[in-house]
Amino acid sequence: MEMNSILHGWNLFADGVPQSLVAETAQLPSLEESTRDFTPGGGHMGFAVPLSAINAVEIGFNLVNRSPQLLSLFGLNAGQYRTYTLYENLVDEFTGDTTRRVVTAIGRLSSVESQEHKSPDLVGYQYRVRSIHTYTDVFDGRLINGFYFRTNRRIINGVDVTATRNGNLGI
C-alpha cells in the first residue's frame, strides 16, 4: 500500500545551524521541466517540447528572529555557497510508521526581506535561496531526486538518467 504521509514535525538547518526554535515556514522548490513552445509550420496546435532539463530551483523560509549569523550568509563573494537542509518526520496515517525525508540544497542566500513590524509580535525575516547547484531529496534513505549542476547529473528514483548522455558527451 502507498504511504499516506502526514508531516509531523520538521527542522531546518542553515549552514549547519539548526533553526528549529525559530522556523515558522519553509517552501521547497517547485520542480518544473524546461520546455520550449513550438508550433510547426502550417500546424494548428502548439506543443511544449521537453528539453531534458529542469528549471532553476529555489527554496524559501521564514524565521521569527533576527539572527546576525544567518543574515551574514547574505552577500557572499562569488563562488561561495552554503548548505540548507530540511528534515521532515512523516507519519503514515494508516500504520503509524514514520519515515524521514531530507532535502538538501547548496546555493546562495539571495534575498532577505523583513516582515512587517508589529508590536508586540514575533517578527523576523523571509529568506530565499537561489543559485542552487546541488539539490537532493531523500525519502527514508532512498534518493528520489538529485540535481547536480556542476557534474551535469540528474538522478531520478536512484537512477542516473543522464549517464548515457553524459558519456556520449565525454562528461
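The rules we used
Residues numbered from 1 in each chain as written. Predicted model: local features only at pLDDT ≥ 70, side-chain atom pairs only at ≥ 80, totals over all residues. Heavy atoms only, no water. Helix = DSSP H or I, 4+ residues; strand = E, 2+ residues; numbered from the N terminus. Buried < 20%, exposed > 50% of the residue type's maximum accessible area, 1.4 Å probe, protein only. Contact = heavy atoms within 4.5 Å. Areas by Shrake-Rupley, 256 points an atom, 1.4 Å probe, with all protein chains shown as cover. Lys, Arg positive; Asp, Glu negative; His and termini not counted. Charge placed at Lys NZ, Arg CZ, Asp CG, Glu CD. Phe/Tyr/Trp six-rings, centres within 6.5 Å; stacked < 30°, edge-to-face > 60°. Lys NZ or Arg CZ within 6 Å of the ring centre and 35° of its normal.

Comments concerning the overall build of the chain
Here is step 1: A count of helical and extended segments in the chain gives two helices and 12 strands.
Here is step 2: Going residue by residue from the N terminus, the α and β elements of the chain occur as β-β-β-β-β-β-α-β-β-β-β-β-β-α.
Here is step 3: Along the first, second and third principal axes, the C-alpha atoms of the chain reach 65 × 45 × 40 Å.
Here is step 4: Within the chain, the proportion of its 171 residues that are buried is 32%.
Here is step 5: Across the chain, contacts joining residues at least 24 apart in sequence account for 54% of those joining residues at least 6 apart.
Here is step 6: If you sum the accessible surface of the chain, you get close to 10800 Å²; carbon and sulfur atoms cover 51% of it.
Here is step 7: Of note, the chain has its 14 positive side-chain charges centred 10 Å away from the centre of its 17 negative side-chain charges.

Here's the deal with the packing of aromatic side chains
Here is step 1: Tallying each qualifying case throughout the model produces five aromatic pairs.
Here is step 2: On the numbers, 5.4 Å between centres and 75° between planes, the contact of Phe 13 with Tyr 87 is edge-to-face. Of this pair, Phe 13 sits in strand S1 (residues 5–14) while Tyr 87 sits in strand S7 (residues 82–92), and the two are 74 residues apart along the sequence.
Here is step 3: We classify Phe 13 as partly exposed; its relative accessible area is 23%.
Here is step 4: On the basis of an interplanar angle of 55° and a centroid distance of 6.2 Å, the ring pair of Tyr 125 and Tyr 127 is categorised as tilted.
Here is step 5: Across the ring face of Tyr 81, the terminal group of Arg 108 is positioned such that the distance to the ring centre comes to 6.0 Å.

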